Amino acid sequence: MSALVFAHETGASPLALLLVLEASTTAGSVALIADGVIVAVRAVAMGAGREDQLFPAVQALLADVGATARQLSGVVCGAGPGSFTSLRIAASLAKGLAYGASVPLFAVSSLLLSAADAIEALPAGPAVVHGDALRGERYVLDVMFGADGSVQAQSALQRMTIEQLATHASGRPRLAVLASLTPGLEMRVVTPSAAHLVHVAPAAWSDAVPLDSWEPQYGRLAEAQVKWEASHGAPLPSLGAV
């Protein structure tokens with residue numbers, strides 16, 4: 001019997017149980033975090049042409065620890081930027097789970113979940129995390145690693161060319177998400193993970209977002225959406241509308 005189920009069955013103080021979903025890149029993941037401790041995590045391959053595996057992964061994760069969606073205290077969704085389709089799938093699922101369990105929905109920058117991968121490799125101080133924005137550009141976020149083992153954003157999300165990034169990041173460690181065209185300039189290649197939420201400063205994600213209007217920070221609209229909105233003269237309806 002899992003510790004989570006045991007705690008509930010014995011009347012002990014319930015754990016603050018968070019379900020976290022991250023799908024901004026091909027390296028998707030889901031995690032359960034109880035009172036700031038990683039309980040379980042599963043990797044989920046994402047990408048065009050792949051069957052959606054996020055929901056089955058969530059079901060398996062809950063089953064692994066003997067928990068149900070009704071025991072969740074909240075749902076946290078990686079907010080991008082990144083893969084448009086995968087982010088929409090994750091956001092729709094996160095909204096549905098939060099609505100069904102009557103718990104709040106939270107959003108966290110996927111670049112922060114990536115930067116947190118380097119928490120043990122970098123000393124306290126500033127750094128720059130960046131990911132592929134297509135068309136020869138990078139999504140860029142300035143971050144600060146704290147002495148307490150947490151990371152938080154120090155700027156708004158930016159998009160810039162590789163040349164602009166070189167100037168912008170000068171003198172600071174660079175963290176490239178998944179891969180880099182200039183590996184010699186990177187301090188580390190990092191991977192986003194739902195489990196990395198434990199290293200992201202709570203101030204970066206602890207304000208609930210509205211279920212009916214929140215959308216991930218896609219960075220770029222998908223070409224299909226651009227064409228649809230141009231032909232219909234209206235925004236594409238949200239998959240996560242409830």
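See the structure shown above.
Remember, predicted model here, so these are calculated numbers, not experimental data.

Because an α-helix packs 3.6 residues into every turn, residues spaced three or four apart end up facing the same way. With 18 residues, helix α3 (residues 84–101) extends 26 Å from end C-alpha to end C-alpha; this agrees with the ideal 26 Å at 1.5 Å per step. Of the positions making up α3, those classed as buried are Phe-84, Ser-86, Leu-87, Arg-88, Ala-90, Ala-91, Leu-93, Ala-94, Lys-95, Leu-97, Ala-98 and Ala-101. One or two residues past the end of α3 sits Ser-102, with phi positive at roughly 55°.

Our focus in this paragraph is the packing of aromatic side chains. Within this structure, the stated rule accounts for two aromatic pairs. Ring geometry for Phe-84 and Tyr-218: centres 4.4 Å apart, planes at 40°, overall tilted. Remark: Tyr-218 occurs in the loop between β12 (208–209) and α6 (223–232) and Phe-84 occurs in helix α3; sequence separation between them is 134 residues. Like Tyr-218, Phe-84 is buried. Ring plane angle 90° and centroid distance 5.8 Å describe the contact between Phe-106 and Trp-205, whose orientation is recorded as edge-to-face.

All right, on to unusual backbone geometry then. A cis amide bond, omega 10°, links Gly-80 with the succeeding residue Pro-81. Its location among the elements puts Pro-81 in the loop between β4 (74–78) and α3. Positive phi, close to 65°, is recorded for Leu-134, a residue that is not glycine. Mapping Leu-134 onto the fold places it in the loop between β6 (125–132) and β7 (137–145). A positive phi is found at Leu-178, a non-glycine position, where the angle reads about 70°. Relative to the elements of secondary structure, Leu-178 occurs in the loop between β10 (174–177) and β11 (188–190).

Using the criterion set out here, one finds five salt bridges in the structure. The salt bridge partner of Lys-95 is Glu-215, with a shortest N-O separation of 3.4 Å. Note that Lys-95 is positioned in helix α3 and Glu-215 in the loop between β12 and α6, a separation of 120 residues in sequence. Overall, the relative accessible area of 1% leaves Lys-95 in the buried class. Here Glu-215 falls in the partly exposed class, since its relative accessible area comes to 27%. One salt bridge in this structure joins Arg-159 and Glu-137, with 3.1 Å as the shortest N-O distance. Placement of the pair is Arg-159 in strand β9 (residues 158–161) and Glu-137 in strand β7, with a sequence separation of 22 residues.

Thresholds applied
Residues numbered from 1 in each chain as written. Predicted model: local features only at pLDDT ≥ 70, side-chain atom pairs only at ≥ 80, totals over all residues. Heavy atoms only, no water. Helix = DSSP H or I, 4+ residues; strand = E, 2+ residues; numbered from the N terminus. Expected span 1.5 Å × (residues − 1). Buried < 20%, exposed > 50% of the residue type's maximum accessible area, 1.4 Å probe, protein only. Phe/Tyr/Trp six-rings, centres within 6.5 Å; stacked < 30°, edge-to-face > 60°. Salt bridge = Lys/Arg side-chain N within 4 Å of Asp/Glu carboxyl O.

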